[in-house]
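# Coordinate inspection notes
So the chains spell out like this:
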Amino acid sequence: MLVKRYMQTKVVMVGLEERANAALYMMKKKGIRHLLVTDNGKLRGIVTDRDFRLMRPSPATSLSIYEVHYLLDKLTVKEIMTKKVIAVTPETTIAEAARLLLNRRIGALPVLKDEKVVGIITETDMIRALIDLEEAS
């Protein structure tokens, strides 16, 4: 079983200068948890819903929701993204991709072919692969 069978090919990507607020809105609107950050067609990073959760102020803060949104609108994706991205190829086995997700404690892996983004594989895709494997037995 290879990554290419289970990866999502409709990948949502943003540029380095995208506003954090706009990226968060895009993620919520599309119902996704990971955005790949690209520059001139090359993968530069990944930003996740976890990155946004970690940015939120403590409930004990005196900031209003408007002030929080104002601050988020000043940040760009490049300032909050993970820069050291672990990626796989379409020919990577599902088992190896699953090991990477588990060992690195991450939720998604960009799929690259010749340094070009061709997809993304997530924990959800791994569950789909497991179900297929179970049903085939």
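Check the entry above for the structure.
Residues numbered from 1 in each chain as written. Predicted model: local features only at pLDDT ≥ 70, side-chain atom pairs only at ≥ 80, totals over all residues. Heavy atoms only, no water.

## Re the overall build of the protein chain
- In terms of regular secondary structure, the protein chain is built from seven helices and five strands.
- For the protein chain, the sequential pattern of α-helices and β-strands runs α-β-α-β-β-α-α-α-α-β-β-α.
- The dimensions of the protein chain, computed from C-alpha atoms along their principal axes, are 55 × 35 × 25 Å.
- Evaluated residue by residue, the protein chain yields a buried proportion of 37% over its 137 residues.
- Pairs at least 24 apart in sequence give 60% of the contacts found in the protein chain among residues at least 6 apart.
- Counting only carbon and sulfur atoms, one obtains 53% of the accessible surface of the protein chain, whose full area is about 9,000 Å².
- Across the protein chain, 23 positive and 17 negative side-chain charges occur, with their mean positions spaced 2 Å apart. (Helix = DSSP H or I, 4+ residues; strand = E, 2+ residues; numbered from the N terminus. Buried < 20%, exposed > 50% of the residue type's maximum accessible area, 1.4 Å probe, protein only. Contact = heavy atoms within 4.5 Å. Areas by Shrake-Rupley, 256 points an atom, 1.4 Å probe, with all protein chains shown as cover. Lys, Arg positive; Asp, Glu negative; His and termini not counted. Charge placed at Lys NZ, Arg CZ, Asp CG, Glu CD.)

## Description of the pairing of strand β3 (residues 42-48)
- Counting buried positions along β3 yields five of seven residues, so the element is predominantly enclosed.
- The sheet contact formed by strand β2 (residues 34-39) and β3 spans six bridges and is antiparallel. Note on β3: the bridge partner recorded for Val37 is Gly45. (Pairing = 2+ DSSP bridges.)

## Re the pattern of salt bridges
- Applying the stated criterion across every chain yields a total of six salt bridges.
- Measuring nitrogen to oxygen at the nearest pair gives 2.6 Å for the salt bridge that ties Lys78 to Glu17. In this pair, Lys78 is assigned in helix α5 (residues 77-80) and Glu17 in the loop between β1 (13-15) and α2 (20-30), connecting sequence segments 61 residues apart.
- Between Glu115 and Lys42 there is a salt bridge whose closest N-O contact spans 3.3 Å. Taken together, the residues span a long stretch of sequence, with Glu115 in the loop between β4 (108-113) and β5 (116-122) and Lys42 in strand β3 at a distance of 73 residues.
- By relative accessible area, which is 54% here, Glu115 ends up exposed. (Salt bridge = Lys/Arg side-chain N within 4 Å of Asp/Glu carboxyl O.)

## Regarding the side chain of Asn21
- Structurally, Asn21 is set in helix α2.
- What Asn21 contacts, discounting residues up to four positions off in sequence, is His69, Leu72 and Asp73.

## Details of the sheet that holds β3
- The sheet built from three strands is open, its strands ordered β1-β2-β3 with mixed pairing. Among the strands making up the open sheet, the edge pair consists of β1 and β3. For this sheet the average axis-to-axis angle between neighbouring strands, irrespective of direction, equals 35°.
- Direction of pairing for β1 relative to β2: parallel, over a ladder of three bridges. Opposite Gly15, over in β2, you have Thr38 as the bridge partner.
- Contacting β1, β2 and β3, α2 runs over the sheet at an angle of about 135° to β2. (Axes fitted to C-alpha atoms, helices over the stretch in contact; angles between N-to-C directions.)

## Details of the nonpolar core
- Core analysis: the biggest nonpolar cluster contains 15 residues, and Leu35, Val37, Val47, Phe52, Val77 and Met81 have the highest contact counts within it.
- Take this core: its biggest share by element is four residues, from α2.
- Not counting chain neighbours up to four residues away, the residues in contact with Phe52 comprise Ala20, Ala23, Leu24, Met27, Val47 and Ile80.
- Counting 13 residues, the second-largest nonpolar core is a separate cluster that includes Tyr6, Ala97, Leu100 and Ala129. (Core = buried A, V, L, I, M, F, W, Y, C linked by side-chain atoms within 4.5 Å.)

## Some points on helix α7 (residues 123-136)
- For α7, which comprises 14 residues, the first-to-last C-alpha distance of 20 Å matches the rise-based estimate of 20 Å (1.5 Å per residue) to within 8%.
- Of the positions making up α7, those classed as buried are Asp125, Met126 and Ala129. Projection of α7 onto a plane perpendicular to its axis shows the buried side chains occupying an angular sector of 100°, all on one side. Along α7, exposed side chains directed more than 90 degrees from the buried face belong to Ile127, Leu130, Glu134 and Glu135. (Expected span 1.5 Å × (residues − 1). Arc of directions from axis to C-beta.)

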